[in-house]
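Tertiary structure, described
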Amino acid sequence: MGNLMGSWRYKEPSTVEECDSTWETDSESDEHQRGGEEVDSGISVSMSQAESGRGVEQLDQESPQFGDILESSTRMKRSFYAAKDLYKYRHCYPNYKEPRQLNEYPNLRFYLNKIPLVPDGIFIEEILTKWRGDYEKLEHNHTYIQWLFPLREQGLNCYAQELTQDEIKEFQSTREATRRFLLAYTIMLDFFGIKLLDKNGNVARAPNWQDRFQHLNESQHNYLRITRILKSLGELGFENFKLPLVHLLLEEALVEGMLPNMRHSALEYFVYTLRQHAQRRTLLRFSQRHYQPPENFIWGPPKKKQIPGASGSIGTKAGKSEAVERSAGKASSPKKGRNLSNSERGVEDTDEKKSGEWKTAKSSKVLQESRGRIDVEEYIETIPL
């Protein structure tokens, strides 16, 4: 019969629907192995480095992310490039084979201040001590971000090395590297106008939020950086930091109206960096309640089809689900969103209860008032690793 196993190949997704399993189930089942992460069941084979290593930063040249933003004003359509890119990330790059040559852990050595980033020749300690608040440098230098937030994919800086699984394990077990990584994260948050509040990753507006949000709304190449930062958080052991950050950005984009240009990138990219289905559903249902115009919301959940002639509980349940989703989509403001009926709230809050980590932006603002005086560097020193 020959080598049948050798003939099996991992099938690349060919549609947005094949890339997005967010709405496949509303229950914790076999697909939620390893703490709710998506699990790839295909058989991996090698693929070209050009295909497997295309970083999100390359969108700056190819422009699908910005093209999607421009398209959104005329016809709403999800980006297959974005869906496929995030699918590969969530499934740990199923077709990617790590290099066989000896890896000297360049990303870890950079974070241990043993080597500078290339090509600038800058050490991590200089960035951590001198770059905070230097917004001109953080904005216009385009080589540091790949070193500060490494991934298992190649970015635009060809000198920056891709992470490997062994290096990820070594990085996570090295306290000094992890401490510096969190400090780098706080520097970028400050650049965006955001402040880290606690060890759970909760965030809120920083004191400089007005000027920085205005810049962030106009400087859209930073959305690519945010996508990379979210991915890197997940790779280096801070998956739980993603939900609070993405929620805050969605709140500012859809409810507060401070980052309106970000809303499409947040929904196409930021949300789909989260590996847990329930967390993505929570964010998308929140977004659907506040998205305008509601009929242009294209990120789900898909409408449930009622079988013709069907009666009883199944048809009734489907009809109620559609009614609830339509009602949620019509919420045009935070006030209207709060006026949902108890039954509607019960359905929409299901995923929020499942995630166990849900924090609203309003709660984050309360936390900021009560805990905003925490010194970031002193606080990070106390984080247990």
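Because the structure is a prediction, the values reported are computed rather than measured.

**Description of the overall build of the chain**
A count of helical and extended segments in the chain gives 24 helices and two strands. Among the 385 residues that make up the chain, the fraction classed as buried is 54%. For the chain, restricting intrachain contacts to residue pairs at least 6 apart in sequence, the fraction spanning at least 24 positions comes to 74%.

**Some remarks on helix H17 (residues 263-270)**
Residues spaced three or four apart along an α-helix point in a common direction, a consequence of the helix completing one turn every 3.6 residues. The element H17 is extensively covered by neighbouring structure, given that seven of its eight residues are classed as buried. Burial in H17 covers these residues: His-264, Ser-265, Ala-266, Leu-267, Glu-268, Tyr-269 and Phe-270.

**What to know about the environment of Leu-236**
With respect to the element layout, Leu-236 can be found in the loop between helix H15 (222-235) and helix H16 (242-255). Considered as a pair, Leu-236 and Ile-168 are 68 residues apart in the sequence and their alpha carbons are 6.2 Å apart. Residues contacting Leu-236, with those up to four places away along its chain left out, are Pro-150, Leu-163, Phe-171, Gln-172 and Phe-181.

**Points about the pattern of salt bridges**
A side chain of one charge can pair with a side chain of the opposite charge when the charged atoms of the two come close. Scanning all chains against the criterion turns up 15 salt bridges. Ionic pairing is found between Glu-12 and Lys-84, a salt bridge with its closest N-O pair at 3.5 Å. Separated by 72 residues along the polypeptide, Glu-12 in the loop between helix H1 (4-7) and helix H2 (16-19) and Lys-84 in helix H7 (residues 80-90) bring together distant segments of the chain. Here Glu-256 ties to Arg-205 by a salt bridge, and the two come within 4.0 Å at their closest N and O atoms. With Glu-256 in the loop between H16 and H17 and Arg-205 in strand S2 (residues 203-205), this pair connects stretches of sequence that are 51 residues apart. Take Glu-256: its relative accessible area is 27%, and that puts it in the partly exposed class. The exposure class of Arg-205 is buried, given its relative accessible area of 14%.

**Remarks on the environment of Leu-197**
The topology assignment puts Leu-197 in the loop between strand S1 (194-196) and S2. Residue classification places Leu-197 among the buried residues on the basis of a relative accessible area of 1%. Spatially, the C-alpha atoms of Leu-197 and Thr-186 are 9.9 Å apart, while their sequence positions differ by 11 residues.

**Some details on unusual backbone geometry**
Glycine aside, a negative phi is what most residues show, and trans is what most peptide bonds show. Between Val-118 and the following residue, Pro-119, the backbone shows a cis peptide bond with an omega angle of 15 degrees. Relative to the helices and strands, Pro-119 resides in the loop between helix H8 (106-111) and helix H9 (124-130). Residue Gln-292 is joined to Pro-293 through a cis peptide bond whose omega torsion reads -5 degrees. Here Pro-293 shows up in the loop between helix H18 (277-290) and helix H19 (313-329). Even without being glycine, Tyr-93 reaches a positive phi, approximately 50 degrees. Note that Tyr-93 resides in the loop between H7 and H8.

**What about helix H14 (residues 209-218)?**
Turning to H14, its buried residues number three or more, namely Trp-209, Arg-212, Phe-213, Leu-216 and Asn-217. For H14, the buried positions fall inside an angular range of 135 degrees around the axis, keeping them on one side. Away from the buried face of H14 by more than 90 degrees, exposed residues Gln-210, Asp-211 and Glu-218 are located. Elements that come into contact with the buried residues of H14 comprise helix H10 (135-140), helix H13 (175-192), S1, S2, H15 and H16.

**Thoughts on the side chain of Glu-235**
Mapping Glu-235 onto the fold places it in helix H15. Among the residues examined, Glu-235 registers a relative accessible area of 8% and is labelled buried. Glu-235 has contacts with Tyr-89, Tyr-93, Leu-151, Arg-152, Leu-163, Ile-168, Gln-172 and Arg-275, leaving out every residue within four places of it along the chain.

Quick notes on the rules
- Residues numbered from 1 in each chain as written.
- Predicted model: local features only at pLDDT ≥ 70, side-chain atom pairs only at ≥ 80, totals over all residues.
- Heavy atoms only, no water.
- Helix = DSSP H or I, 4+ residues; strand = E, 2+ residues; numbered from the N terminus.
- Buried < 20%, exposed > 50% of the residue type's maximum accessible area, 1.4 Å probe, protein only.
- Contact = heavy atoms within 4.5 Å.
- Salt bridge = Lys/Arg side-chain N within 4 Å of Asp/Glu carboxyl O.
- Arc of directions from axis to C-beta.

Keep in mind that these numbers describe shape and distance, not what the molecule does.
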